[in-house]
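Here are the chains, one letter per residue:
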Amino acid sequence: MLSLPTQTYHHYHQLHHLLYSPPKTSLHSPLFSHPPPSLSLLPTLSLPASLRIQSLNVSSYTTHPTHFLLSDSESISNVLKIAIIGFGNYGQYLAKTLVSQGHTVLAYSRSDQHNETAKKLGVSFYADPHDLCEEHPEIILLCTSIISTKQVLISLPLQRLKRNTLFVDVLSVKEYAKDFLVETLPDDFDILCTHPMFGPQSAKNSWIGHYFVYEKVRVGDEESRVSRCENFLDVFVREGCEMVEMSCAEHDFYAAGSQVMTHTVGRVLEMLELESTPINTKGYEALLDLVENTSGDSFDLYYGLFMYNKSALEILERLDLCFEELKKQLFGSLHEVVREQLFESPERGLSYAGNGAAIDVLFRSEGALRPQEYQARSSGRVDDSTKLKIAIVGFGNFGQFLAKPMVRHGHTVLAYSRTNYSDVAREMGVSFFSNADDLFEEHPEVILLCTSILSTEKVLKSLPLQRLKRSTLFVDVLSVKEFPRNLFLQNLLPDFDILCTHPMFGPESGKNGWNDLAFVFDKVRIGCDETRVSRCDGFLDIFAREGCRMVEMSCAEHDWHAAGSQFITHTIGRVLEKLGLKSTPIDTKGYETLLKLVENTAGDSFDLYYGLFMYNVNAMEQLQRLDLAFESLKKQLIGRLHGVLRKQLFENTEKFPVPRKHPVVPKLSQTSLEGVVVQSN
């Protein structure tokens with residue numbers, strides 16, 4: 001990405017230090033694995049050695065036992081009078097549950113526009129905090145933003161409250177909240193710092209299984225005060241929350257690696273204006289969900305997470321370095337290819353290279369096919385007349401993965417690979433050949449290329465095509481489609497049929513079945529003879545019968561969609577993999593999405609990812625857009641920091657500018673489609 005120079009990050013640190021200067025701690029990180037040597041410029045995040053983590057395993061979680069769950073008859077004596085300060089979206093969200101459980105809820109907000117909403121919810125609304133405090137609520141629940149909470153607390157008429165009132169915050173940062181509550185509130189008041197790690201979007205259907213983190217910072221010894229605190233916590237126990245008691249310092253340490261990371265990735269992707277495609281992968285759908293879950297949050301919330309968590313800046317720097325490292329890998333590999341073509345094989349010239357190198361004339365699809373759902377011809381077992389003899393060239397993990405259902409459906413499967421997989425093939429019921437001539441003399445009806453993107457051209461040109469029947473069907477399963485289409489058209493005689501396909505799943509994402517997983521195909525060149533048409537349909541039926549979502553579209557359209565979905569998904573997954581993200585005791589649903597994404601992409605080789613970049617003409621543009629989006633987000637944060645500091649230095653004479661909610665990032669152009677109209681579901 002357009003990385004900030006060292007001096008800019010130094011300035012960044014100075015601004016952050018001036019506004020929030022936490023104590024230094026020793027370094028040792030369970031959150032991240034050791035970064036690669038090239039990323040050792042930054043220390044890994046660290047948790048203070050003196051902290052005792054109570055929730056590292058299930059047995060050490062401090063969780064409310066079942067006897068805290070009260071029956072209906074018992075709950076009457078435990079009704080609380082709770083005053084919500086800050087009755088915006090989140091305050092209203094919590095109020096619904098509090099009212100539904102029978103508690104008395106009061107509310108105050110600087111904006112009186114919430115008065116009608118409060119009435120509908122059964123909440124008493126107060127426009128004056130003095131009036132509210134004179135009602136002597138047992139609990140003051142602060143639901144204001146991170147940035148405004150301290151100022152709001154200072155403005156409250158604390159003298160009108162009972163001296164043992166319990167103050168509770170629900171901020172996403174905890175050390176900052178704990179410090180200003182302890183500093184601002186007299187010793188008589190009780191303090192409970194909490195973080196419901198969910199919101200109106202992520203827990204719109206239920207709170208079950210979502211984490212509720214809390215620390216009893218200061219709770220009096222009297223039975224009534226202890227009971228009041230437990231009764232408040234029981235609100236969340238009853239809704240099915242996972243209750244985790246940990247210190248505010250522990251929370252912020254874990255949250256820097258999970259919550260800050262999740263919101264950062266979500267905001268970067270939001271700027272790209274990603275859209276659903278007809279060929280979404282599960283990983284891409286997870287990213288779309290992540291954007292949806294984070295886009296509803298204000299920039300103030302994200303800025304607060306960054307500003308008031310002392311580990312957040314380090315997270316941003318590491319993410320930046322990992323992205324730079326990934327780009328260096330891509331461009332380094334690209335440089336090697338070009339250098340080899342220029343200096344080691346000058347007689348070859350430059351062949352199709354997708355991005356960066358010279359490109360020969362491309363055979364584009366004449367027009368984009370409207371995505372169509374392909375239906376299996378029959379739901380019954382394949383009969384003898386429709387059984388195919390399929391030769392798999394490249395019998396590695398993916399070739400073996402595809403062979404299993406083919407054998408199960410009764411097709412004859414042959415295999416060839418440079419590596420000896422004869423034992424594996426024998427166990428699967430596949431005939432293995434170590435010589436391509438021997439394989440092709442068996443006259444397979446279908447040649448299925450399961451080689452890597454980078455090796456496909458070399459393998460194709462090495463095959464003894466003269467030993468095949470002239471009408472043989474060639475099929476590829478590469479993750480890019482225009483490249484193999486052009487390669488087939490340039491190197492196969494017109495007698496051969498061509499079917500370009502992309503099973504948009506693999507051994508990891510398809511390990512539990514292929515049902516509803518996308519299978520994209522383009523009948524590039526199929527003879528008109530009934531037997532050739534039937535053979536093509538018979539091959540497609542293998543995937544249709546497995547439950548795949550069959551989508552017919554041109555190779556050009558596939559690559560345009562894939563650049564915005566598959567390439568972005570793999571890029572984000574590989575950047576996060578370099579960070580060495582680990583699960584925490586308080587993972588949010590969004591962070592779990594990122595961990596799953598890393599798991600699904602980490603098993604793929606770098607060659608696969610490099611192939612997605614190298615052989616998709618749209619990939620470079622998407623990488624540049626991702627670059628611009630991250631750069632824009634960093635500028636927003638730096639601009640806000642600078643604005644806050646300037647306001648402090650010049651006695652509030654200048655108001656810092658509010659950043660645009662949706663910075664402009666150029667959309668992916670459709671020039672590569674050359675006038676093709678893109679259809680999307």
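Treat the numbers as computed from the prediction; the structure is a model and nothing was measured. (Residues numbered from 1 in each chain as written. Predicted model: local features only at pLDDT ≥ 70, side-chain atom pairs only at ≥ 80, totals over all residues. Heavy atoms only, no water.)

A.B. asks: Mind laying out the overall build of the chain, listing which residues take part and the relevant values?
C.D. replies: Scanning the chain from N- to C-terminus turns up 23 helices and 17 strands. Across the 681 residues that make up the chain, the buried fraction comes to 56%. Looking at the chain alone, contacts between residues at least 24 apart form 76% of all its contacts between residues at least 6 apart. Taken as a whole, the chain presents about 30,000 Å² of accessible surface, with 49% of it coming from carbon and sulfur. (Helix = DSSP H or I, 4+ residues; strand = E, 2+ residues; numbered from the N terminus. Buried < 20%, exposed > 50% of the residue type's maximum accessible area, 1.4 Å probe, protein only. Contact = heavy atoms within 4.5 Å. Areas by Shrake-Rupley, 256 points an atom, 1.4 Å probe, with all protein chains shown as cover.)

A.B. asks: Before we move on, could you go through the pattern of salt bridges and cite the residues and values that matter?
C.D. replies: A complete count under the given rule lists 25 salt bridges for this structure. Between Glu230 and Lys216 there is a salt bridge, and its shortest N-O distance comes to 2.6 Å. With Glu230 in helix H8 (residues 223–238) and Lys216 in strand E7 (residues 211–218), the pair connects residues that are 14 residues apart, well separated along the chain. Residue classification places Lys216 among the partly exposed residues on the basis of a relative accessible area of 31%. Put simply, Asp320 and Lys634 hold a salt bridge, and the shortest N to O gap is 2.7 Å. Taken together, the residues Asp320 in helix H12 (residues 312–344) and Lys634 in helix H23 (residues 619–649) connect sequence positions 314 residues apart. Its relative accessible area of 0% is what places Lys634 among the buried residues. (Salt bridge = Lys/Arg side-chain N within 4 Å of Asp/Glu carboxyl O.)

A.B. asks: Provide a residue-level description of the packing of helix H9 (residues 248–271) against helix H20 (residues 566–579), including the pertinent values.
C.D. replies: Where H9 contacts H20, the axes come no closer than 13 Å and their chain directions differ by 155°. Between H9 and H20, the interaxial angle falls into the category roughly antiparallel. Classified by chirality, the crossing of H20 by H9 is right-handed. On H20, the residues that touch Met261, Val265 and Leu269 of H9 are Ile568, Ile572, Leu576 and Leu579. Broken down by class, the residue content of the contact of H9 with H20 amounts to seven nonpolar, no polar and no charged. (Axes fitted to C-alpha atoms, helices over the stretch in contact; angles between N-to-C directions. Parallel < 35°, antiparallel > 145°, perpendicular 65-115°, else oblique. Left-handed = near helix turned anticlockwise from the far one by under 90°. Nonpolar A, V, L, I, M, F, W, Y, C, P; charged D, E, K, R; others polar.)

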